[in-house]
Amino acid sequence: MSDHAELVLDGLSAVTSDVEKDRDGLEIIVSRFLQDHRRLLNPSIEDYACFHRERADSIRKIFPILLDLERRRDIAAARVRNEQFPQSLPITKLAQYRLDAETHRTATTIVYRASDIHTADVVSVTVLAWKANDVPRLHLQYERETAIAQRLKHPGIMPVLDVGCQDGYFFFVTPLIAGIDGAALMTRLAGGSKRWGRITRGDWQTFSRIGAQLGNALHYAHQMGTLHNNVRPGSVFISSSVTACLQNFRLEQCAETTLREYCDDNDVEVARYIPPECFKGRRDERSDIYSLGATLLMLATRSSTAGIKPVPQATTSSWSIPRRFWQWNLAGMPKCFAQVLQKAMAAEPDKRFQSAVAFAAALKNVGTTLTERARKPVGVRDRVRTWTSRLW
């Protein structure tokens, strides 16, 4: 073999070696990224691209596809898992808590009325319906989300008293409070009586007070560096004394999976609480404010939100709320209340309330205004003015 041929072969060999090293290096990065994702660490594609500048283009091109595949895999696994929901659990006691009776079920948990053997207190124990070894990702998710709620100490946030895992079953303990969650409240208000306890449909003062309580709780969570990521009626608990609190905090990564599930199923029930920017992969404190505004709208009106329609785009979806929706669907709502909700649910984040405490203050002012109006005598002129104001 000539010297020239040997030099050519050596050059090809060096190039092949460099290509293999580059490929192996990218595979290591991909493996590390997927591992972080499966551990629910919410890895950032842009952070990976900035850290590995020499492979930034490949990372920005490949990683979104990998994330989409991972989320679709998670959704498929969740559907199979939920079809195998157990009829009952072979347990009667977890730690010092004796399970007295099942109260209700969610998509992934069973909730019991329980007694603390040491203190004789009656509490609520929520148990993951499958053993941790059978659903390790779901177990890790609940563990992380419960830890978030456990470190938040505020009157407007449902306290987590205890967390544990026994006989393979993960559980957490909360106070047993007489009350109802927002989703059940909407069902009650839509019924024939249109009443639950001291709350009636169209009781704007009460709902403005509930919204202010939730806004203050949300502001506290934001100050602690925590987004709720899951504000909707089912995440709101209202006690019989009409005191509201937030529950069911969600990891941002899991919220993105829920969003992907909506896009696959076109689930309007879920998507009506998702702000437009989340469809573009952006989320901040103002996203929670939008979701709280949508939740308060549903709680206060039990509207079907027929005027809110998804607008499909090339790769994402967004919401369009036409002015006609506010003019007709909320014709019976006081103008001051409707204006606050309109601002909270503005399509552009910069046009919303920039903090949850500002939203809460606006709702408090609405409640004060409505209370003062209720105290004034209502004459024919006031009735005509009220009627004409509803026509905008």
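Residues numbered from 1 in each chain as written. Predicted model: local features only at pLDDT ≥ 70, side-chain atom pairs only at ≥ 80, totals over all residues. Heavy atoms only, no water.

Draft legend 1. Main features of the overall build of the chain. Helix and strand counts for the chain come out as 13 helices and 13 strands. Each of the 392 residues in the chain was classed as buried or not, and the buried ones make up 46%. Within the chain, counting contacts between residues at least 6 apart in sequence, those at least 24 apart form 60% of the total. Accessible surface, the chain: about 20,700 Å² in total, of which carbon and sulfur atoms supply 52%. (Helix = DSSP H or I, 4+ residues; strand = E, 2+ residues; numbered from the N terminus. Buried < 20%, exposed > 50% of the residue type's maximum accessible area, 1.4 Å probe, protein only. Contact = heavy atoms within 4.5 Å. Areas by Shrake-Rupley, 256 points an atom, 1.4 Å probe, with all protein chains shown as cover.)

Draft legend 2. Inspection of the packing of helix H9 (residues 285-301) against helix H11 (residues 335-344) at higher detail. Relative to each other, H9 and H11 sit at 145°, their axes nearing to 8 Å. Of the residues in H11, those in contact with Ile289, Tyr290, Gly293, Leu296, Leu297 and Ala300 of H9 are Phe337, Leu341 and Ala344. (Axes fitted to C-alpha atoms, helices over the stretch in contact; angles between N-to-C directions.)

Draft legend 3. Expanded view of the side chain of threonine 295. With respect to the helices and strands, threonine 295 occurs in helix H9. Of the residues examined, threonine 295 reaches a relative accessible area of 1% and is grouped as buried. The contacts of threonine 295, once residues within four sequence positions are left out, are Val231, Arg232, Pro233, Val236 and Tyr273.

Draft legend 4. Structural view of H9. The end-to-end C-alpha distance of H9 is 25 Å, a good match for the 24 Å that 17 residues give at a rise of 1.5 Å each. Counted residue by residue, H9 has 16 buried out of 17 residues, so it is predominantly covered. (Expected span 1.5 Å × (residues − 1).)

Draft legend 5. Quick look at unusual backbone geometry. One non-glycine residue, aspartate 167, lies in the positive phi region at around 55°. If you trace the backbone, aspartate 167 turns up in the loop between strand S5 (162-166) and strand S6 (169-175). Notably, asparagine 248 is not glycine yet its phi reads approximately 60°, a positive angle. The residue asparagine 248 is located in the loop between strand S11 (244-246) and helix H7 (252-265) in this model.

Draft legend 6. Fine view of the environment of alanine 344. Within the element layout of this structure, alanine 344 appears in helix H11. Taking the relative accessible area as the measure of exposure, alanine 344 reaches 0% and is therefore buried. The spacing of alanine 344 and aspartate 288 is 56 residues in sequence and 9.6 Å in space, taken between C-alpha atoms. With residues up to four places along the chain from it excluded, the contact list for alanine 344 reads Ile289, Tyr290, Gly293, Arg352, Phe353 and Phe359.

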